[in-house]
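Notes for the structure review
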Amino acid sequence: VSPAGVAPLTGIPILCVGLITPGSSTLLRVLGLRTSGVLCLAGVVVGSMLRSGGSFAAAIAGTLLIGAAISIGNLVVPVLIGRRYPTRAASLMGGFTATMAVGATAATATTAALAATHGWQLATAVWGVLLGAVGLVLWLQFAPRESDAAAAAATQVELRAERAAHPVWRNPSAWLPGAPFACQ
């Protein structure tokens, strides 16, 4: 891939997070956490297969799908933690964030070696396809089963109350992580 081709492959995920995450709350409200989690993990698996397909067009399509899926997952997990484990939310969110950082570091540290020994298609697919499929199986096995209607209603009430009580643009704490994300 040319240097000009690398730019969209690295920029698409961040663009997806910025454009898709705001609509993800609507998706969670309509589909519920369990189904939204399935869409997220299935999107990562299918997107990773596409991205590793060999052509530049497939890589772009797969990267778009992965970016969209991760944008949904970035909301599913915190909502699940906040709803199911409110008294342990801080420690569980810290563990979730640490797990993501360790996973990204492991992928970064080993992908080049995998590519050198097994080819770039396998090296780029292994993380999303293999681990995404394991995550999907575990999600289906352990994600709380809740009434989608009840979950949707609860999420809608929570979101309305939160927005009314604390508009995010008036919260100085919300601007602190926003600045580094904007620079990124």
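Just above sits the structure.
What comes next concerns the included structure. (Residues numbered from 1 in each chain as written. Predicted model: local features only at pLDDT ≥ 70, side-chain atom pairs only at ≥ 80, totals over all residues. Heavy atoms only, no water.)

**Points about a nonpolar patch on the surface**
A cluster of nonpolar side chains, namely Leu-130, Leu-131, Val-134, Leu-138 and Phe-142, defines an oily patch on the protein surface of about 510 Å² accessible area. Residue position: Leu-131 is located in helix 5 (residues 120-142). (Patch = residues over 30% accessible without salt bridge, like charges linked within 9 Å, V, L, I, M, F, W, Y side chains within 5 Å. Areas by Shrake-Rupley, 256 points an atom, 1.4 Å probe, with all protein chains shown as cover. Salt bridge = Lys/Arg side-chain N within 4 Å of Asp/Glu carboxyl O. Helix = DSSP H or I, 4+ residues; strand = E, 2+ residues; numbered from the N terminus.)

**Considering the side chain of Ser-48**
Along the polypeptide, Ser-48 turns up in helix 2 (residues 33-51). A polar contact is formed between the side chain of Ser-48 and the backbone oxygen of Val-44, at a distance of 2.7 Å. Not counting the four nearest positions on each side in its chain, Ser-48 is found in contact with Ile-66, Ala-125, Gly-128 and Val-129. (Polar contact = N/O pair within 3.5 Å; in protein donor to acceptor, adjacent residues only side chain to side chain. Contact = heavy atoms within 4.5 Å.)

**Structural notes on the nonpolar core**
With ten residues, the main nonpolar core is built from Leu-28, Leu-33, Cys-40, Leu-41, Ile-72, Val-76, Leu-80, Leu-136, Trp-139 and Ala-143. Sorting the residues of this core by element identifies helix 2, helix 3 (56-84) and helix 5 as the ones contributing at least two each. Excluding anything up to four places from it in sequence, Trp-139 contacts Leu-33, Arg-34, Gly-37, Val-38, Leu-41, Val-76 and Leu-80. (Core = buried A, V, L, I, M, F, W, Y, C linked by side-chain atoms within 4.5 Å. Buried < 20%, exposed > 50% of the residue type's maximum accessible area, 1.4 Å probe, protein only.)

**A few points about the packing of helix 2 against helix 5**
For the pair helix 2 and helix 5, interaxial distance at closest approach is 8 Å and the crossing angle is 160 degrees. The angle between helix 2 and helix 5 places the two elements in the roughly antiparallel class. Where helix 2 crosses over helix 5, the two elements pack in a sense that is left-handed. Touching Leu-33, Arg-34, Gly-37, Val-38, Leu-41, Ala-42, Val-44, Val-45, Ser-48, Met-49 and Arg-51 of helix 2 are Trp-120, Thr-124, Ala-125, Gly-128, Val-129, Gly-132, Ala-133, Gly-135, Leu-136, Trp-139 and Leu-140, all from helix 5. Classifying every residue of the contact of helix 2 with helix 5 by side-chain character gives 14 nonpolar, six polar and two charged. (Axes fitted to C-alpha atoms, helices over the stretch in contact; angles between N-to-C directions. Parallel < 35°, antiparallel > 145°, perpendicular 65-115°, else oblique. Left-handed = near helix turned anticlockwise from the far one by under 90°. Nonpolar A, V, L, I, M, F, W, Y, C, P; charged D, E, K, R; others polar.)

**Digging into the side chain of Ser-36**
Residue placement: Ser-36 occurs in helix 2. In contact with Ser-36, not counting residues within four places along its chain, are Leu-27, Leu-28, Leu-31, Ile-72 and Val-76.

**Points about helix 5**
In this model helix 5 runs 33 Å from its N-terminal to its C-terminal C-alpha over 23 residues, within 8% of the 33 Å that 1.5 Å per residue would give. Val-126 marks where helix 5 bends most, by close to 45 degrees. Taken together, the buried positions of helix 5 are occupied by Ala-123, Ala-125, Gly-128, Gly-132, Leu-136 and Trp-139. At its buried positions, helix 5 is contacted by helix 2, helix 3 and helix 4 (89-118). (Expected span 1.5 Å × (residues − 1). Bend = angle between axes of the 7 residues up to and from the residue.)

Any link to function would need more than the numbers given here.
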